[in-house]
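The lines below spell out each chain.
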Amino acid sequence: MKILVVEDELKSAAYLRKGLSESSYVVDVADNGEDGLHLALVNNYDLIILDVMLPKRDGWSVLSELKKSSVPTPVLLLTAKDAVQDRVKGLELGADDYLVKPFAFSELLARVRSILRRGTTRVEQMIQVADLEVDLIRHRATRGGKRMDLTPKEFALLSLLVRRKGEVLSRTLIAEKVWDMNFDSGTNVVDVHVRRLRAKLDDPYPVKLIQTVRGVGYVLEPQRDD
Amino acid sequence: MSLSPSATTEVPGRDRWPAATFFRSLSGRLTLWYAASAFALVAVTLGLLYAALTNTFDDEIDGFLKDTTNMLVTLLREKETSLESLKKEIDSELSSRRYARVFVRVTDSKGAILVEAHQMSHDFPDSMFMLMDEADEARHGSDALTKRGRLFRLMATRVHNPENPGETHVIQVAYDRKHESGILHTYRRSIWIGLSTALLACAIVGYFIAHRGIRPVQQITQAAGRVTSSTLHERLETRNLPTEIQTLAGTFNTMLDRLEESFRRVSQFSADIAHELRTPLGNLRGGMEVALGKPRTVEEYRDVLGSALEECERLTRLVDRLLFIARTESAESRIELENLDVTHELSVVREFYEAAAADAQVKLTVTSEASLRAPLNRELFQSAIGNLIANALRHTPPQGEVAIAAARANDRIVIIVSDTGCGIPAEHLPHVFDRFYRVDDARSAASGGVGLGLALVRSIAKLHQAELQIQSEVGKGTRVTLAFRGA
């Protein structure tokens, strides 16, 4: 998967390149709007991450040029402005998603994956991680063949974690996906829910599946190999 | 906010035209008006007196002219024939009079001169006289200048002889006004001297009155000029001021009150913000410095980075919230509203906080009328209710209860979040929605708040034009009421 990052701030560009490369994406970086537009027109990318404030040619202009040239590549806009009007403008111009700086890298990664997954979604019925089996259709989860008694929200949390297994999910994302809470609650509310799920999922077993990634969020995988 | 660079306002052209500046000033105008009106009063009075004097003189002279005419009539009728004796009689009569400068001429109906005293024909031809009838009791003389430039008052009277109806005489009398003219001249000079003195006096007195009258205004101006950020606590002394100025000074003082309060809040806010930023920055810096101090295991590095991330998150949240609050406070912010099912949203929020409540052993309940709808911004509404619940949970001891009730009241959707927590002392209540305001520093810091949650709620209420109230009783609990416009 090839991603073009158009970002003029050197440190931001550097960590985006590093982070995305380590998540096994191929990354090109342009540090101004003109170069970014040129690269986007001549190369075939799977995704463009576009900063709005750019030298030579701003992100809005790059975006509308791309759409004018019928480039089908999805675009994720990055900006320091979070006024509603800006968000609306970005989406109206044809951006696929919108992220306000400063953002958590995990958040960006989640959005990137979500955009790239679009169109290729296949409905899985059964997902298996180690000895955990989750039946998304029947809302049933078993570990080591033993059925777990989960509340609907606990099951929703678990199914989010298994569908995105191996992916670190931020608390904000979890709150949004499971409880439809779209604001930054800024509390440890999500932690409490995860702890309750762990009590049923992990506590009785020696192998822990839900891992805490400090300062980032949670990930479901047998163990972090690091 | 600095008032120092130009405390006095420069009037353009002040140096070249001091008079223009003076009359543009209030004291200048007052002086001008006062002097002008007082002077006009004096001038009119003197003018009227002068006119009265002139009239008196005219009347007196006219009386004299009539007397003289009557005397001549009597003489004419007594000594009808002898013109010589008449002339003698006239001469003796006139010389016995105090006023020597009287001219007399008697003509018959055809204009032939019968008697003439002092050769008056040379100076006073017939044409100068306005002929009047003896019967006209109100007849008056007319003023005329001789060729030699002397002022006379003339009177010509037609006289009928009652014994001989066909016979008429014309008696012409001229009176030299030299004496009265002299008196009037002196009088006029006095008037001019009086008027110039009055003008000067009125201007000077007017200036002092005006100056004295507007001194309080100058005092206020000077006081206003002295106001700087460091002297905002000073107030104007209003007790001895005149009523009108007292109101002005009072308004000025009220403005200073508000300025001082705003200023205090701004500086307090800056201090709070600096403090809130310093803590996570200090943690970040300290943690990293120590980590880099010597080689460490991967595990230790990971720990430091994780801690740094947490601090970044804290900073991000702080900045986000401050920006949001600042934006709602400054310009007219607009939000997107949707017709939201309040009942459903409340249960969604409750579900989210349920685990946290259970953890704190606090009962979290929602009582709502079915299908309440209101035009709300979903994210902001969740945020407001979420912050209120989080705040209530934070201050409610185990076995307590946090209750959310929603109902329709008139055209409003009223949501009440009440708890059985520790309560807030009355003196803190007016400030709890202020940014960074904390009732108890130690406890809030320990429970993770930065003092922005309730300020955020207030901003959200403001954006929705909702009413926000808080009631509290120490030891019993707190009750926050949000009244949104209903759908």
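The written sequence of each chain sets the order in which its residues are numbered from 1. To label them, take the chains in the order written and letter them from A, then take the ligands in the order written and number them from 1. Residues qualify for local features only when their pLDDT is at least 70, as the model is predicted, and side-chain atom pairs are given and counted only at 80 or more; totals for whole chains, interfaces and linings, by contrast, use all residues.

## A word on the overall build of chain A
For clarity, the cut-off: Working definition: helices are DSSP H or I runs of at least four residues, strands are E runs of at least two. Numbering for both runs from the N terminus. Exposure is read from a count of other C-beta atoms within 10 Å of each residue's own; the residue is exposed at 12 or fewer, buried at 20 or more and partly exposed in between. C-beta atoms are placed from the backbone. Placing C-beta atoms from the backbone, we regard two residues as in contact once those atoms come within 7 Å.
The helix and strand tally for chain A stands at 8 helices and 12 strands. Per-residue burial for chain A yields a buried fraction of 32% across its 226 residues. Once local pairs closer than 6 in sequence are excluded, the contacts in chain A between residues at least 24 apart make up 55%.

## Overview of the overall build of chain B
Tallying secondary structure elements over chain B gives 11 helices and 13 strands in all. Counting only contacts in chain B whose residues sit at least 6 apart along the sequence, the fraction spanning at least 24 positions is 68%.

## A short note on the sheet that holds strand β6 (residues 126-129) of chain A
Residues and elements named next belong to chain A. Heads up, the rule is: Should DSSP find at least two bridges between two strands, the strands are regarded as paired.
Spatial strand order, β6-β7-β8-β9: 4 strands in an open sheet with antiparallel pairing. Edge strands, defined here as strands with exactly one partner in the open sheet, are β6 and β9 (146-147). Note: strand β8 (residues 140-143) against β9, 2 bridges, orientation antiparallel. Opposite Arg-143, over in β9, you have Lys-146 as the bridge partner.

## Quick look at the confidence of the model for chain B
All names here are of chain B. Rules: pLDDT expresses, on a scale from 0 to 100, how confident the predictor is about each individual residue.
Model confidence for chain B is summarised by a mean pLDDT of 81, while 89% of its residues fall at 70 or above. Ignoring residues within four places in sequence, the model shows residues 1-14, a span with pLDDT below 50, making 11 contacts including any to other chains. In the model, residues 442-448 has pLDDT below 50 throughout and makes 4 contacts with residues more than four positions away in sequence or in other chains.

## So, the interface of chain B and chain A
Cut-off, in case you're wondering: Only Asp, Glu, Lys and Arg are considered charged, only Ala, Val, Leu, Ile, Met, Phe, Trp, Tyr, Cys and Pro nonpolar, and every remaining residue, Gly among them, polar.
Counting from both sides, the interface comprises 22 residues of chain B and, opposite them, 20 residues of chain A. Its residues assigned to classes, the side of chain B that touches chain A shows 8 nonpolar, 5 polar and 9 charged.

## Comments concerning helix α4 (residues 178-213) of chain B
Residues separated by three or four positions in an α-helix point in the same direction, a consequence of the helix having 3.6 residues per turn. All names here are of chain B. Just so we agree on the cut-off: Here, expected helix span is obtained from the residue count minus one, scaled by 1.5 Å.
Given a rise of 1.5 Å per residue, 36 residues ought to cover 52 Å, and the 51 Å separating the end C-alpha atoms of α4 matches this to within 8%. Every buried residue belonging to α4 is among Cys-202, Gly-206 and Ala-210, and all of these are buried. As for α4, its buried residues are in contact with α2 (26-78).

## Quick word on the pairing of strand β4 (residues 75-79) of chain A
Counted only if it meets this: The handedness rule is simple: strands pointing away from the viewer, and a clockwise path from the first strand over the helix to the second, make the crossover right-handed.
Burial within β4(A) is extensive, with 4 of its 5 residues counted as buried. Regarding topology, helix α3 (residues 59-68) of chain A serves as the crossover connection from strand β3 (residues 47-51) of chain A to the parallel β4(A), and that connection is right-handed.

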